[in-house]
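So you can see what is in the structure, the chains are spelled out below.
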Amino acid sequence: MPWIPRAEALKEADNRFPQLKITEKILMNWTEEGRECPPVKQRRRIGFDSDLFSAWFGRVESSLVALDKDDYIKCFEFAVEAYYNPITKADFNRVKQRDVGEFLTNQIQGKLGEIAFQRLMQHQELGVELDFRVVGQIPSQDITRISTRRNVWDNPAAKVSIKATKFKNVLLPIPINEVNLSDRRSDVYILSQVGLFPDHILRILKQGGEALVRSSVKYIPDFASIPARVGGWATHAIVTSTPALSGDDIEKEFGIRMASPNHVLRTGQLSVDWAELKKIIVHGEKK
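Residues numbered from 1 in each chain as written. Predicted model: local features only at pLDDT ≥ 70, side-chain atom pairs only at ≥ 80, totals over all residues. Heavy atoms only, no water.

In this section: the packing of aromatic side chains. Under the definition given, this model contains 12 aromatic pairs. One aromatic cluster is present, formed by F17, W30, F48, F53, W56, F57 and F167 through successive ring pairs. Lying over the aromatic face of F132, K74 brings its terminal NZ or CZ to 4.4 Å of the ring centre. Here the basic side chain of K111 rests over the ring of F78, its NZ or CZ set 4.7 Å away from the ring centre. (Phe/Tyr/Trp six-rings, centres within 6.5 Å; stacked < 30°, edge-to-face > 60°. Lys NZ or Arg CZ within 6 Å of the ring centre and 35° of its normal.)

Below, the structure written as structure tokens:
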């Protein structure tokens, strides 16, 4: 079996995708924890089957998009408006209320994840319209309209939920209420992994608000392209084919505390057949 040690695999990944700045942690999260390309031990060393690792590059490449400053500003404006309007500050999948910094970050990350999917579907010649209205409640679905022909828009045939997470994360958790309640359930669940840098607010302030951080501006990096990966998708039937895990079970298995039971899928269990997903969104799922 052709075999490549982990250190060389990391170098290959970095050479193939330099814009992602793939660390060993991200590499092992995606391949091992996400079960996208499980590592192989050889003489007590960890590595990968060379052929499977090369094939894994194709999986990553088919899912990558780049988001820019304009995308960020659009999401930032949405997040600020949402904070000052009667939208809930609670995170229903966690056990605490968020402060303004965490609220803005979560809202920005969530909307960037939606835009990442929108960009990815452009490669499939599918236009996707997202909902950026702040209406005081959480929308049950994330796609409002779709287009397969120029200037012609239709309602999607499938209900779609887009879940955004950090770039390194590989889990797609779906709370049981979103699976069981008829007004909340979706036909397809999509995971978007967003590489939002931790100092994103300082970086955007540097672009047009240097007076606010004048004493520290020299330490703030320039705003750069934001890497994102749409990690995959799963239908409602696939999500519900695995039993929901309690908060205690999720913490025990994954080390993450969630307030409610969730169906949890890893990225390696998600499909990246974007052409098939387009068919489902446009024509509905075959029963």
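Looking now at the side chain of S63. Relative to the elements of secondary structure, S63 occurs in the loop between helix 3 (50-61) and strand 4 (64-67). When its relative accessible area of 1% is taken as the criterion, S63 is described as buried. Separated by 3.5 Å, the side chains of S63 and S62 make a polar contact. Ignoring sequence-local partners within four residues, the contact set of S63 consists of L120, A228, R229, V230, V272 and W274. (Helix = DSSP H or I, 4+ residues; strand = E, 2+ residues; numbered from the N terminus. Buried < 20%, exposed > 50% of the residue type's maximum accessible area, 1.4 Å probe, protein only. Polar contact = N/O pair within 3.5 Å; in protein donor to acceptor, adjacent residues only side chain to side chain. Contact = heavy atoms within 4.5 Å.)

Further remarks concern unusual backbone geometry. With a phi angle near 60°, R35 is a residue other than glycine that sits in the positive phi range. Mapped onto the elements of the fold, R35 is located in the loop between helix 2 (24-33) and strand 2 (40-42). The backbone of N151 shows a phi angle near 65°, a positive value even though the residue is not glycine. As for its position among the elements, N151 is in the loop between strand 6 (143-149) and strand 7 (152-154). On the basis of relative accessibility, which here comes to 67%, the residue N151 falls in the exposed class.

Strand pairs in the sheet, formed through backbone hydrogen bonds, run parallel or antiparallel to each other. Pairing is antiparallel in the open sheet, where 3 strands are placed in the order 5-6-7. In this open sheet, the two edge strands, each paired with only one partner strand, are strand 5 (127-130) and strand 7. Between one strand axis and the next, the sheet turns through 30° on average, direction left out of account. In the sheet, strand 5 pairs with strand 6 via 4 bridges, with the strands oriented antiparallel. Looking across to strand 6, one finds that L130 is bridged to I143. Contacting strand 5 and strand 6, helix 5 (residues 100-122) crosses the sheet at an angle of about 160° to strand 5. (Pairing = 2+ DSSP bridges. Axes fitted to C-alpha atoms, helices over the stretch in contact; angles between N-to-C directions.)

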